[in-house]
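So the chains spell out like this:
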Amino acid sequence: MILIPITGAVTRYLTIPYRVQSATEGGKLHLLWTYELDLADESIFQGVSLGTFSVGTFTNIYIKVNAAGTVLAVSPKFLGRLTWNGDLSQKKIEFVLNTVYESDAGEFTCGIDLSIIKGFVVDKLTLNVYGKSISYVCGYFVATALFLGVAIILSCISIHCM
């Protein structure tokens, strides 16, 4: 269990993803947090968000989920690729990013919204995205033939990319 103190709010995360996540372009990324709230926090809990966070607020919201577990908004950048798979009744926050792009690389912040009374309890991570691996199968064949006294060189090159 990793608990990280955050100024202005009591940290309630019980499990968090690794600080640095890696994904292959075109691949899938799963992000999972579990948390707990005391009774006072239950009464002011507004939902969760994933995005970029700075100076006490979200600067970009990639996806926002209300306290009932309903997705309220998804950024156009992630529309159709970023999904909510969490279960707030089980205190589980889970997002899945399908078809990862290199442009998705950067900082992601998960925020538990405890209203304007306490603000957000946040956890940040960095996503690194790597290009698809390409394998080459190469063959090279050269043959020389004599046709009517003229040397003819035949060659064949094949490249197969996966």
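As the structure is a prediction and not an experimental result, all values here were calculated from the model.

Peer 1: Now, about the sheet that holds strand E3 (residues 29–35): what can you tell me, with residues and values included?
Peer 2: Strand order in the open sheet formed by four strands is E1-E3-E8-E7, and the pairing between neighbours is antiparallel. Both outer strands of the open sheet, strand E1 (13–15) and strand E7 (82–84), are each paired with one neighbouring strand and no more. Neighbour to neighbour, the strand axes of the sheet diverge by 30 degrees on average, direction disregarded. Sheet topology note: the E7/strand E8 (residues 92–97) ladder contains three bridges and is antiparallel. For Trp 84, the partnering residue across the bridge sits in E8 and is Phe 95.

Peer 1: Now, about the nonpolar core: what can you tell me, with residues and values included?
Peer 2: Counting residues in hydrophobic clusters, the biggest one holds 31 residues, and the most contacted among them are Tyr 13, Trp 33, Val 48, Leu 50, Ile 93, Phe 95 and Ile 112. For this core, the secondary-structure elements that each account for two or more residues are E3, strand E4 (47–54), strand E5 (57–66), E7, E8, strand E9 (106–113) and strand E10 (120–130).

Peer 1: Let's hear about unusual backbone geometry: which residues, and what values?
Peer 2: Note: most residues except glycine have negative phi, and most peptide bonds are trans. One non-glycine residue, Lys 91, lies in positive phi territory at about 60 degrees. For Lys 91, the position within the fold is in the loop between E7 and E8. For Thr 99, which is not a glycine, the phi torsion comes out positive at approximately 50 degrees.

What counts and what doesn't
- Throughout this description, residue numbers start from 1 for each chain and increase along the sequence as written.
- A pLDDT threshold of at least 70 governs which residues receive local features in this predicted model, and a stricter bar of 80 or more applies before side-chain atom pairs are shown or counted, although totals over entire chains, interfaces and linings include all residues.
- Working from all heavy atoms in the structure, the side-chain values ignore hydrogens and water.
- Paired strands, as defined in this entry, are two strands with at least two bridges between them according to DSSP.
- Secondary structure is summarised from DSSP: a helix means a run of H or I of at least four residues, a strand means a run of E of at least two, and numbering begins at the N terminus for each.
- Every angle, taken between N-to-C directions, lies between 0 and 180 degrees, and every axis is a line fitted to C-alpha atoms, over only the stretch in contact when it is a helix.
- In plain words, nonpolar cores are sets of buried Ala, Val, Leu, Ile, Met, Phe, Trp, Tyr and Cys residues tied together by side-chain atoms within 4.5 Å.
- Note on classification: 1.4 Å probe, protein chains only; a residue is buried when its accessible area is under 20% of the maximum for its type, exposed when over 50%, partly exposed between these limits.

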